[in-house]
Amino acid sequence: MRGRVMIIAGSDSGGGAGIQADIKTVSMLDAYAATAITALTAQNTEGVFGVLPISPDFVRRQIEVVLDDIGADAIKTGMLHDLPVIEAIAAVLRERAAGIPLVVDPVMVAKGGARLIDPAAVDGLKRLLIARAEILTPNLPEAEILCGATIGNVAEMHAAGETLLSFGCRSVLVKGGHLSGETVSDVLVTTTGARVWESPRLSTRHTHGTGCTLASAIAAGLAQGLDVERAVDRARTYVQRAIASAPGFGRGHGPLDHAHPLRSCAGSDG
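On a predicted model such as this, the values are computed, not experimentally measured, just so you know. (Residues numbered from 1 in each chain as written. Predicted model: local features only at pLDDT ≥ 70, side-chain atom pairs only at ≥ 80, totals over all residues. Heavy atoms only, no water.)

## Overview of the nonpolar core
Piece 1. Counting 45 residues, the largest nonpolar core has Ile-8, Ile-63, Leu-93 and Leu-129 as its most contacted members.
Piece 2. Among the elements that take part in this core, helix H3 (residues 83-96) stands out by supplying 6 residues, more than any other.
Piece 3. Setting aside chain neighbours within four positions, we find Ile-63 in contact with Met-6, Ile-8, Ala-36, Ile-89, Val-92 and Leu-93.
Piece 4. Counting residues in each nonpolar core, the second largest holds 32 residues, with Trp-197, Ala-217, Leu-226 and Ala-231 among its members. (Core = buried A, V, L, I, M, F, W, Y, C linked by side-chain atoms within 4.5 Å. Buried < 20%, exposed > 50% of the residue type's maximum accessible area, 1.4 Å probe, protein only. Helix = DSSP H or I, 4+ residues; strand = E, 2+ residues; numbered from the N terminus. Contact = heavy atoms within 4.5 Å.)

Right under this line is the structure:
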């Protein structure tokens, strides 16, 4: 089921989110990960302590050389810190990847609360990338920023998905982990309907990188020929298992167990 995934996102020095989580996820799902790094961050489980942006020209160059040689079957964007970077990415994708499915994870705020995108760049993200996405994967705070509305229940998640769909993307997965309660609901809205997944909430602080991981898992599925619903279904299962077996590292929001499929295989071999 090998597929090629081009990941355009920021680096996480702690290894739990960003490019590091993306590569681990795509590899564990038997797809091939290539990357274009948009920013370096100094971060760990307790927060983000510094961000070093990569120039838009160099971000573009990374994408160009990978697409020209290796190619891609799906593209995923994560942390895009300002409008010039978004514009550079949109231009190169328009020129060299017009027919490749795009997964947009609208990374805006880190788990610890640090702002990861210039507020002035949000409109550009909507116009230039969300409008052409195969799927958009916002959590509730991100969906609220993009919609300009408060979301407090599953019905409002569905309504937000419909609003976001009007931006031009083909599907929206509104993630409900920020709602309170013992059940976590995620709502997929497409042009043909909607589906709601419900899962028991796992009581843990080790959830750093869940959004990056889920979006990259979806991208791997699309690269391997799965339709959006099947890609989301498999990705959710992967993330749930990664949270359940998190290694417990760090004093803050710890990383997931991205390599859990390796232990599952080892266990089945006796």
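Still more to cover.
## Overview of the pairing of strand S9 (residues 183-190)
Piece 1. Burial analysis of S9 places 7 of its 8 residues in the buried class, which makes it a mostly covered element.
Piece 2. In this sheet, S9 lies alongside strand S8 (residues 171-175) in antiparallel orientation, the contact comprising 5 bridges. Along S9, the bridge assignment pairs Leu-173 with Leu-188.
Piece 3. Here S9 runs beside strand S10 (residues 193-200); their pairing, made up of 8 bridges, is antiparallel. (Pairing = 2+ DSSP bridges.)

## Examining the layout of surface pockets
Piece 1. By volume, the second largest pocket amounts to about 170 Å³.
Piece 2. Along the walls of the second largest pocket sit Glu-134, Arg-170, Ser-171, Leu-188, Thr-190, Thr-192, Gly-193, Ala-194, Arg-195, Asp-227, Val-228 and Glu-229, which together make up its complete lining.
Piece 3. Only S9, S10 and helix H8 (228-244) provide two or more residues apiece to the lining of the second largest pocket.
Piece 4. Partitioning the lining of the second largest pocket into residue classes produces 3 nonpolar, 4 polar and 5 charged. (1 Å grid on protein atoms, 1.4 Å probe; cavity = no way out; pocket = protein on both sides within 12 Å on 5 of 7 lines; lining within 4 Å. Points joined across faces, edges and corners; volume = space filled by probe spheres on them. Nonpolar A, V, L, I, M, F, W, Y, C, P; charged D, E, K, R; others polar.)

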